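A closer look at the structure
Spelled out from the first residue to the last, the chains are:
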Amino acid sequence: MVKHWVRFRTPDGAEGFGTLAGERVTQHDGDMFGANAASGAALPLASLTLLAPVRPLRFVGLWNNYHELATKQGNAIPETPLWFLKSPGSVIGPGAAIRPPAGYAGKTLYEGELGLVIGRRVSGADEAEAEAAIFGLTCVNDVTALDILTADPSFPQWARAKSPDGFGPIGPCIAQGLDWRELRVQVALNGRVRQDYPCADMILAPARIVSLLSQEMTLEPGDVIACGTSVGALPMRPGMEVAVTIAGIGTLTNPFAPE
């Protein structure tokens with residue numbers, strides 16, 4: 001059975017979390033990644049503002065993790081994750097605007113991706129331990145300021161290009177009980193599908209990603225790993241709406257609204 005976890009804000013400004021079923025959210029008390037229990041309150045979804053379902057301490061992104069894109073670009077097939085960090089401050093939730101840094105007028109790319117949410121502390125894990133540490137799956141838009149990334153030929157600026165405020169949309173929920181191999185990532189700009197690729201085309205599978213990353217850094221509950229994107233990532237234009245959809249998780253929609 002698939003369970004969907006959300007974080008939300010009520011009309012009076014209080015924040016909470018719970019499970020989503022249909023058009024109602026069952027509020028929980030405690031810790032999403034620890035001991036928690038339903039409080040008994042069932043809140044209408046329409047009365048709530050959905051927030052990013054997690055606030056990660058570490059937000060890890062992968063490059064070159066899909067066979068189709070690697071073939072198209074002529075990239076070698078990696079044996080270990082080619083990873084970078086996005087600032088936790090880049091995280092926004094459904095409906096929040098993506099805004100480039102002040103003064104930046106270059107290309108801003110969307111990159112729809114499957115996100116892994118870590119549910120328990122994991123360090124030096126084998127693949128079985130790593131798989132058990134994955135709390136659930138979510139949608140990620142790994143927004144990238146392309147002209148910043150490539151501005152200095154001597155130093156690709158991965159973190160700077162991917163970490164501005166608002167460049168890390170996550171949501172709308174964290175889904176448990178899905179098989180990542182059966183999922184597809186779709187990204188639509190103003191309703192026109194631009195990305196549509198199977199997660200089964202991943203080079204490094206989720207459990208292997210988490211295992212290998214855990215050899216290099218300790219991962220904590222709430223950390224997020226974006227599994228990389230495939231073909232079809234393109235620049236956005238002002239006023240566009242970008243929607244990342246993974247059936248079984250939902251649709252993460254954000255406007256691209258430069259100042």
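A brief look at the structure comes next. For clarity, every value in this text was computed on a predicted model and none was experimentally measured. (Residues numbered from 1 in each chain as written. Predicted model: local features only at pLDDT ≥ 70, side-chain atom pairs only at ≥ 80, totals over all residues. Heavy atoms only, no water.)

1. Section: the nonpolar core
Core analysis: the largest hydrophobic core is formed by 58 residues, its most contacted members being Leu114, Val210 and Ile225. The next biggest cluster of nonpolar side chains, apart from the first, holds 14 residues, and it includes Phe17, Met32, Val91 and Phe135. (Core = buried A, V, L, I, M, F, W, Y, C linked by side-chain atoms within 4.5 Å. Buried < 20%, exposed > 50% of the residue type's maximum accessible area, 1.4 Å probe, protein only.)

2. Details of the packing of aromatic side chains
According to the stated counting rule, one finds 6 aromatic pairs in the structure shown. On the basis of an interplanar angle of 75 degrees and a centroid distance of 4.8 Å, the ring pair of Tyr66 and Tyr197 is categorised as edge-to-face. With Tyr66 in the loop between strand 6 (59-63) and helix 1 (67-73) and Tyr197 in strand 15 (residues 192-198), this pair connects stretches of sequence that are 131 residues apart. According to the relative accessible area criterion, Tyr66 is buried, its value standing at 0%. Each member of the aromatic cluster is reached from another via a ring pair, and the members are Trp5, Phe17, Phe33 and Phe135. (Phe/Tyr/Trp six-rings, centres within 6.5 Å; stacked < 30°, edge-to-face > 60°. Helix = DSSP H or I, 4+ residues; strand = E, 2+ residues; numbered from the N terminus.)

3. Some remarks on the environment of Gly124
Along the polypeptide, Gly124 turns up in the loop between strand 10 (112-118) and helix 2 (127-132). Residue Gly124 is classed as partly exposed on the basis of its relative accessible area of 44%. Along the sequence, Gly124 and Leu213 sit 89 residues apart, while their C-alpha atoms lie 8.4 Å from each other. Not counting residues up to four positions away in its chain, the partners in contact with Gly124 are Glu129, Ser214 and Gln215. (Contact = heavy atoms within 4.5 Å.)

4. As for the pattern of salt bridges
Within the structure shown, the criterion is met by 10 salt bridges. Between Asp223 and Arg58 there is a salt bridge, with its nearest N and O atoms 3.1 Å apart. Taken as a pair, Asp223 in the loop between helix 5 (206-214) and strand 16 (224-226) and Arg58 in the loop between strand 5 (49-51) and strand 6 lie far apart in primary sequence, 165 residues in all. A residue is classified by how much of its surface remains accessible, and Asp223, at 0% relative accessible area, is buried. According to the relative accessible area criterion, Arg58 is partly exposed, its value standing at 24%. Each member of the salt-bridge network shares a partner with another, and the members are Lys86, Glu111, Asp142 and Lys162. (Salt bridge = Lys/Arg side-chain N within 4 Å of Asp/Glu carboxyl O.)

5. Some thoughts on the side chain of Glu111
If you trace the backbone, Glu111 turns up in the loop between strand 9 (108-109) and strand 10. For Glu111, the contacting residues outside a window of four places in its chain are Val140, Asn141, Asp142, Thr144, Lys162, Gln195, Thr229 and Ala233.

6. Examining the sheet that holds strand 15
The strand order across the open sheet formed by 4 strands is 15-14-17-18, and the pairing between neighbours is antiparallel. The outermost strands of the open sheet, each flanked by one partner alone, are strand 15 and strand 18 (250-255). Put simply, the sheet's adjacent strands are angled 15 degrees from each other on average, direction ignored. Bridging between strand 17 (residues 241-246) and strand 18 involves 6 bridges; their strand directions are antiparallel. Residue pairing across strands places Val242 opposite Asn254, the latter belonging to strand 18. (Pairing = 2+ DSSP bridges. Axes fitted to C-alpha atoms, helices over the stretch in contact; angles between N-to-C directions.)

7. So, the side chain of Thr144
Structurally, Thr144 is set in strand 12 (residues 144-145). Exposure remark for Thr144: the relative accessible area of 2% places this residue in the buried category. Engagement of the side chain of Thr144 in a polar contact is seen with the side chain of Glu111, the distance being 2.9 Å. Not counting residues up to four positions away in its chain, the partners in contact with Thr144 are Lys107, Thr108, Leu109, Glu111, Leu149, Ala161, Lys162 and Phe167. (Polar contact = N/O pair within 3.5 Å; in protein donor to acceptor, adjacent residues only side chain to side chain.)

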